[in-house]
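# Examining the three-dimensional arrangement
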Amino acid sequence: MATWLEVALNGPWTRAKQPLMPITVEEVVAEGLACIEAGAAIIHVHAYDPISGRQDDDWRTYARIIEGIRAKSDAMVYPTIPFPGGLGDPNGMSAVQRFSHAEELAKRGLLECGVVDPGSTQIAGFEEIADGETGFLYANPGDHIQQGLRLAAQYKFHPGYAIYEPGFTRLGAALHKAMPGCPVPIYRFMFSDGFAFGFPPQGWALEAHCKLLDHVAPQASWMIAGLRVDITSLIAPAVRAGGHVRVGLEDAPWQSQISNLDLTRQAIKEIEAAGGTPASPAQVRSVLNRA
């Protein structure tokens, strides 16, 4: 049983929340290659401005990361999308602006899959809620989702669906069916302990996700992932159910003292203990291209 392992190297947190995460292009490339050597087949990245330490979504920075990893590996590498601002924000990004970096990468043959999250949700930490705060709206308006899917259909990259809420699965499946020529999506079930969205990392929650996906998109590829969460307990049931796994400092509880490489190695051990074997990038592509 070939199990895909994806590593999300950094995320949007900055080093204030994840002190071990890579920031510079050189750091991201080096950690990506180390995780690939340990068994990862997919790498997910956020680009940063090393001077300010904040996220930088310039396509050129992503190109340097992707090309740096591709120079020494055949692993799949894909970037995030920018946060657009809340619904109704006059300074928010348009759909075209938000996916402009993805289009530039796709034009150059550097994008095999890309983030197209099919829905919006409130991202609020339990500690924020206890202090009377409500977090922020992770907004993915309909025109943004459709723009991502149009680009996926045009440039033949696979949409990556982060499933923060169960309804994302239903909407994502329906929108994919309505977009002729769009490659098959990858569904990532997003669990959390630190945030109040979606499900906690429990077996019954994984079962619910799988049952819904089987109802609306049978045979679709899926994996367990999350934010501010340790999904170790779900690796064995996911592998046995034919699913795949994502780990990394984007997903880990904040202030993690475990590196991306160690998270990768731990996940490999759990996958193998459950009877799986780490999939090669070629095996991942074979499944996606067959679907």
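A brief structural summary.

Criteria and cut-off values
- Per chain, residues are indexed from 1 in the order of the written sequence.
- Only residues with pLDDT of at least 70 are given local features in this predicted model, and only at 80 or more are side-chain atom pairs given and counted; all residues enter the totals for whole chains, interfaces and linings.
- In computing side-chain properties, one takes all heavy atoms of the structure into account and sets aside hydrogens as well as water.
- For this analysis, a ring pair means two rings from Phe, Tyr or Trp (six-membered ring only for Trp) whose centres lie within 6.5 Å, classed as stacked if their planes differ by under 30 degrees, edge-to-face if by over 60, and tilted for the remaining angles.
- Counting from the N terminus, the helices are DSSP H or I runs at least four residues long and the strands are E runs at least two residues long.
- Using a 1 Å grid laid over the protein atoms alone, points where a 1.4 Å probe fits but cannot get out form a cavity; open sets with protein on both sides within 12 Å along at least 5 of 7 lines form a pocket; any residue with an atom within 4 Å of a point counts as lining.
- Grid points are joined across faces, edges and corners, and a volume is the space filled by probe spheres set on the points.
- Gly is placed with the polar residues, together with every amino acid not listed as nonpolar (Ala, Val, Leu, Ile, Met, Phe, Trp, Tyr, Cys and Pro) or charged (Asp, Glu, Lys and Arg).
- The buried label applies to any residue whose accessible area, calculated with a 1.4 Å probe on protein chains only, is under 20% of its type's maximum; exposed applies above 50%, and partly exposed to all values in between.
- In this description, strands pair whenever DSSP reports at least two bridges between them.
- Looking down the strands as they point away from you, a crossover is right-handed if its path from the first strand over the helix to the second goes clockwise.

### As for the packing of aromatic side chains
Counted under the stated rule, the structure contains 11 aromatic pairs. On the basis of an interplanar angle of 85° and a centroid distance of 5.8 Å, the ring pair of Phe195 and Trp254 is categorised as edge-to-face. One end of the pair, Phe195, is in the loop between strand 11 (186–191) and helix 8 (203–216); the other, Trp254, is in the loop between strand 13 (244–247) and helix 10 (260–273), and 59 residues separate them in sequence. Between Phe199 and Trp204 the ring centres are 5.4 Å apart and the planes differ by 80°, which places this aromatic pair in the edge-to-face class.

### Some remarks on empty space enclosed by the protein
Following the criterion strictly, the structure yields 1 cavity of 30 Å³ or more and no others. As a volume, the largest cavity reaches approximately 50 Å³. Around the largest cavity, the lining residues are Pro79, Thr80, Ile81, Phe99, His101, Ala102, Gly114, Val115 and Phe157. Taken together, the elements giving at least two residues each to the lining of the largest cavity come down to helix 4 (100–107) and strand 7 (113–115). A per-class count over the lining of the largest cavity returns 6 nonpolar, 3 polar and no charged.

### Digging into the layout of surface pockets
The space that makes up the largest pocket amounts to roughly 590 Å³. In terms of lining, the largest pocket is formed by 28 residues, of which the most central are Pro12, His46, Thr80, Ile81 and Tyr138. When contributions to the lining of the largest pocket are tallied by element, the ones reaching two or more residues are strand 5 (54–55), strand 9 (136–138), strand 10 (158–163) and strand 11. In terms of residues, the lining of the largest pocket owes the most to one element, strand 10, which gives 3 residues. Of the residues belonging to the lining of the largest pocket, the class tally is 15 nonpolar, 6 polar and 7 charged. Taken as a whole, the second largest pocket encloses approximately 310 Å³ of empty space. Taken together, 17 residues line the second largest pocket, and the ones lying closest to its centre are Gln219, Ala220, Ser221, Trp222 and Gly242. Looking at the lining of the second largest pocket element by element, the count peaks at 3 residues for helix 8. For the lining of the second largest pocket, a count of residues per class yields 11 nonpolar, 4 polar and 2 charged.

### Re the pairing of strand 12 (residues 221–226)
In terms of burial, strand 12 is largely enclosed, as 6 of its 6 residues are buried. Here strand 12 shows no split at all, with Ser221, Met223 and Ala225 on one side and Trp222, Ile224 and Gly226 on the other all buried. Bridge analysis of strand 11 against strand 12 gives 6 bridges, and the strand direction is parallel. Each residue of the ladder has a partner; that of Phe189, found in strand 12, is Ile224. Handedness of the crossover joining strand 11 and strand 12 through helix 8: right-handed. Of the pairings in the sheet, the one linking strand 12 to strand 13 comprises 2 bridges and is parallel in character. Within strand 13, the residue paired with Met223 across the bridge is His244. Each parallel crossover has a hand, and for strand 12 linked through helix 9 (residues 232–240) to strand 13 it is right-handed.

By themselves, these observations are geometric and do not establish any function.
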